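Structural features, examined
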Amino acid sequence: MRRPGVTPFLVALAPASLLFAISTGSVHVGWIGLWHALSSKTPTLDATIVRKLRLPRAAAAFAVGALLSLSGALLQVLLRNPLADPYVLGISGGAAVAALGSMLLGLGSAWLGLNAFIGSLVSMAIVFGLSHMRGPWTQTRLLLTGVVVAAGWGAAITFLLAISPGSDVQGMLFWLIGDLSYASHTGWAYAALFTGLLLSLPLARSLNLYTRGELVATALGARVGLIRTAVYVLASLMTASAVMEAGTVGFVGLIIPHLLRLLGDSDYRRLIPDSALLGGSFLVICDTLARSVIAPLQLPVGVITALLGVPVFLVLLARARFP
Amino acid sequence: MTRLEARGIRLEIGGKPLCTGLDLALNAGETWAILGANGSGKTTLLHTLSGLRMPSEGRIYLDGSDIRLLQPRAVALRRGVLLQESEPGLAADVMQTVLTGRHPHLTPWGWEGSEDYRMASAALAAMDLEEFAGRALPTLSGGERRRVEIAALIAQDAPICLLDEPTNHLDLHYQIKVLALVAGRSKLPGHLNVMVLHDINLALRFCTHGLLLANGDHRQGRLDAILDAQVLEMIYHCPFREMGTAGDRIFLPA
């Protein structure tokens, strides 16, 4: 009774997107060159470009895309709100203030990622603490707290941009739009991704109940209190890990889960792994385009995610009979 | 056999007491109606009996065990709940929604098997929804969505069913069909029902026992024995007219 759905296609798409990423760039490396670069140990120029530059960056893009869309899928069900995305609860705002502050102080890129991560945790603790002050949260209370905290961070970001010297502002804007050229914590990102997948998959069937409402889920035997805390913490840590790696790449976390729903994935046991696969592949393709369409100039990847994602999503939405 | 029991229940909402010192013993074979005016605590009591809400005082026992000490899944295998209103959720189709009723029957990593699909299909058929199986929930009418919720409850196959205004949104045909189906299940060994109803005549037709809530006070017993025009007037604060003969009575607000 288990239909294969879109999963086989996504399993094939992931390696295809990686192949596209390592074979594309300002230096032309043919298929044979690619084969040599990957198989032989000789440190040719092609081999260095493919193995030291393109492959790590594609790997980073895949992890970030997978983290963001998985986190988006989880927050959409937690808040029971189709507009939720990984940044809706202010996690990215805290990260951005910390990251921009680090740039303003001239700290190195290693500090940038670490501070962004710490900024996310601070924001997460503020939102979680405030929405729990008077008993258990409601979805509306959590959402409102998050949105208002995010607005506060937004003001701080504008302030930092206004007082920063012009030479710093471009780097800051790239970070805010989302840019993979700083990526330097890929190992951590994959650790977060696998932890997130491993811990959210056992919750998947309970999340299906959760879409019918918290009370129905409780009546059917789901441990709702445990689930919402787990989902909040997991989604937040995954978002923080993605932001640490690539800044605030927009749009992926919002549209990928919806795209999959429009393609018929409403069961969370499929939506969770499928979100990771499609989100990862999508960001790899977007990042490859970002560094190649106007090469040697590089665009921040966030520009491409929106340029590519908006029309695809709108066409699918217009063709769907619901929501 | 007492399957669901309430001892010394006190309910309050926002500091306002709704009922105090309530003892109830619900036995297999019975169908209970909870009757009362708006705001008299019917839904609060139903949620408390279901274990979804803790009473301010007192305990609920399911098959002799304190419901708070049982595993949520073990409770869900024995009692099902139909809520008064369904919350709008993210898109799901009808079959998937009905299959959520099978959740307590599955092992943590299990997927629904042919038995679960058979139960869900039978529940859909009982609600005349076979042709809606693949439809998205938001494309259904209010009454059709209500029947999907009821089908999910039937698919859950719990011996104890608690239903909050099951006839909400249903046309007359389905009001009778649903209540006959639910009341019929109490004839199965070990089964019983509790439902909040606003229609006294449907309650008289389908329920064996009643619990009346009024002004913080309560009265319980066999329904035909505790209901008369005077009691109804006390509950609903409007005069009633009784028609028909004993055993086949109806009440109309005068």
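Residues numbered from 1 in each chain as written. Chains lettered and ligands numbered in written order. Predicted model: local features only at pLDDT ≥ 70, side-chain atom pairs only at ≥ 80, totals over all residues.

**Comments concerning the overall build of chain B**
Looking only at helices and strands, chain B has nine helices and 12 strands in total. Relative to its length of 254 residues, chain B is compact, with a C-alpha radius of gyration of 18 Å against a globular reference of 18 Å. For chain B, the spread of C-alpha atoms along the three principal axes comes to 50 × 40 × 35 Å. Out of the 254 residues belonging to chain B, those deemed buried represent 44%. When contacts within chain B are restricted to residue pairs at least 6 apart in sequence, long-range pairs at least 24 apart make up 62% of them. (Helix = DSSP H or I, 4+ residues; strand = E, 2+ residues; numbered from the N terminus. Rg over C-alpha atoms; globule rule 2.2 N^0.38 Å. Buried ≥ 20, exposed ≤ 12 C-beta atoms within 10 Å, placed from the backbone. Contact = placed C-beta atoms within 7 Å.)

**With respect to the overall build of chain A**
The helix and strand tally for chain A stands at 14 helices and zero strands. Reading the helices (α) and strands (β) of chain A from amino to carboxyl end gives α-α-α-α-α-α-α-α-α-α-α-α-α-α. A globule of 323 residues ought to have a C-alpha radius of gyration of about 20 Å, and chain A, at 20 Å, matches this closely. Expressed along its principal axes, the backbone C-alpha trace of chain A runs to roughly 65 × 55 × 35 Å. In chain A, buried positions account for 50% of the 323 residues. Residue pairs at least 24 apart in sequence account for 76% of intrachain contacts in chain A once pairs closer than 6 positions are excluded.

**Overview of the packing of helix H4 (residues 91-104) of chain A against helix H7 (residues 166-177) of chain A**
Residues and elements named next belong to chain A. It is the contact of H4 with H7, at a shortest axis distance of 10 Å, that shows an interaxial angle of 155°. In terms of orientation, H4 lies roughly antiparallel with respect to H7. Of the two elements, H4 crosses H7, and the hand of that crossing is right-handed. Counted together, Ala-96, Ala-99, Leu-100, Met-103 and Leu-104 of H4 and Asp-168, Gly-171, Met-172, Trp-175 and Leu-176 of H7 form the full contact between these two elements. (Axes fitted to C-alpha atoms, helices over the stretch in contact; angles between N-to-C directions. Parallel < 35°, antiparallel > 145°, perpendicular 65-115°, else oblique. Left-handed = near helix turned anticlockwise from the far one by under 90°.)

**Comments concerning the interface of chain B and chain A**
The partner chain A presents 27 residues to the 28 residues of chain B that form the contact. When residues of the side of chain B that touches chain A are traced back to their parent elements, those giving at least two are helix H2 (72-78), helix H3 (94-99) and helix H4 (114-126) of chain B. With four residues, H2(B) is the single largest residue contributor to the side of chain B that touches chain A. Across the side of chain B that touches chain A, the residue classes tally to 15 nonpolar, nine polar and four charged. (Nonpolar A, V, L, I, M, F, W, Y, C, P; charged D, E, K, R; others polar.)

**Observations regarding unusual backbone geometry**
For residues other than glycine, phi is negative in most cases, and the peptide bonds are mostly trans. Backbone geometry at A:Phe251 places phi at a positive 85°, although glycine is not the residue there. Within the secondary structure, A:Phe251 sits in the loop between helix H11 (224-246) and helix H12 (252-262). Within the chain, B:Asn215 stands out as a residue other than glycine whose phi angle is a positive 50°. As for its position among the elements, B:Asn215 is in the loop between strand E9 (209-214) and strand E10 (217-222). Classification of B:Asn215 by C-beta neighbours within 10 Å gives exposed; the count is 12.

**Thoughts on the environment of A:Ser109**
Residues and elements named next belong to chain A. Turning to its location among the elements, Ser-109 is positioned in helix H5 (residues 109-131). Assessed through the 14 C-beta atoms surrounding it within 10 Å, Ser-109 is described here as partly exposed. Along the backbone, Ser-109 and Ala-96 are 13 residues apart, and their C-alpha atoms lie at a distance of 14 Å. Setting aside residues no more than four positions away along its own chain, Ser-109 makes contact with Tyr-182 and Ser-184.

**Focus on the nonpolar core**
Counting residues in hydrophobic clusters, the biggest one holds 172 residues, and the most contacted among them are A:Val64, A:Leu67, A:Leu283, B:Ile34, B:Val98 and B:Ala151. The dominant element in this core, judged by the number of residues it contributes, is helix H3 (residues 45-78) of chain A, at 17 residues. Leave out the neighbours within four places in its chain, and B:Ile34 touches B:Lys42, B:Leu45, B:Leu46, B:Val194, B:Met195, B:Val196, B:Leu211 and B:Leu213. (Core = buried A, V, L, I, M, F, W, Y, C linked by C-beta atoms within 7 Å.)

**Some points on the sheet that holds strand E2 (residues 16-27) of chain B**
All names here are of chain B. Spatial strand order, E2-E1-E4-E5: four strands in an open sheet with antiparallel pairing. Two strands in the sheet have a free side with no partner beyond their single neighbour: E2 and strand E5 (65-66). Pairing of strand E1 (residues 2-13) with E2 involves eight bridges; the strand directions are antiparallel. Bridging from a neighbouring strand, Glu-12 pairs with Pro-17 of E2. (Pairing = 2+ DSSP bridges.)

**Some thoughts on the packing of H4(B) against helix H5 (residues 142-156) of chain B**
All names here are of chain B. The contact between H4 and H5 brings their axes to 8 Å, and the two run at 135°. When the axes of H4 and H5 are compared, the pair comes out oblique. Two packed elements cross with a definite hand, and for H4 against H5 that hand is right-handed. Residues Met-119, Ala-120, Ala-123, Leu-124 and Ala-126 of H4 form the contact with H5, whose own contacting residues are Ala-151, Ile-154 and Ala-155. Residues of the contact of H4 with H5, tallied by class, amount to eight nonpolar, no polar and no charged.

**Here we look at the pairing of E1(B)**
All names here are of chain B. Between E1 and E2, which pair antiparallel one after the other, the connecting turn spans two residues, and Gly-14 there sits at a positive phi close to 55°. The pairing of E1 with strand E4 (residues 57-62) spans five bridges and is classified as antiparallel. Bridge pairing links Arg-7 to Arg-59 in E4.

**Some thoughts on the sheet that holds strand E8 (residues 192-196) of chain B**
Residues and elements named next belong to chain B. Across the sheet, six strands lie side by side as E6-E7-E8-E3-E9-E10; this open sheet has mixed pairing. Two strands lie at the open edges of the sheet, namely strand E6 (79-82) and E10, each paired on one side alone. Sheet twist, expressed as the average angle between the axes of neighbouring strands with direction ignored, equals 15°. Bridge count for strand E3 (residues 31-36) against E8 is four bridges, and the pairing is parallel.

**Details of the confidence of the model for chain B**
Looking at chain B as a whole, the pLDDT averages 94, with 100% of positions reaching at least 70. Across the interface, the model reports ipTM at 0.93; the global pTM reads 0.92. (pLDDT = per-residue confidence, 0-100.)

**Details of the pairing of strand E12 (residues 248-253) of chain B**
Every other side chain in a regular strand lies on the same face of the sheet, so the side chains alternate between the two faces. Residue and element names in this part refer to chain B. With six bridges joining them, strand E11 (residues 240-245) and E12 adopt antiparallel strand pairing. Residue pairing across strands places Glu-242 opposite Phe-251, the latter belonging to E12. The hairpin turn running from E11 into E12, its antiparallel successor, is two residues long, and Gly-247 in that turn takes a positive phi close to 85°.

**Section: the confidence of the model for chain A**
Do not read the fine detail of predicted coordinates wherever pLDDT is low. Scored by pLDDT, chain A has a mean of 90; 98% of the residues are at 70 or more. Within chain A, helix H2 (residues 31-39) of chain A has the poorest average pLDDT of any element, 80, and helix H8 (residues 186-200) of chain A the best, 96.

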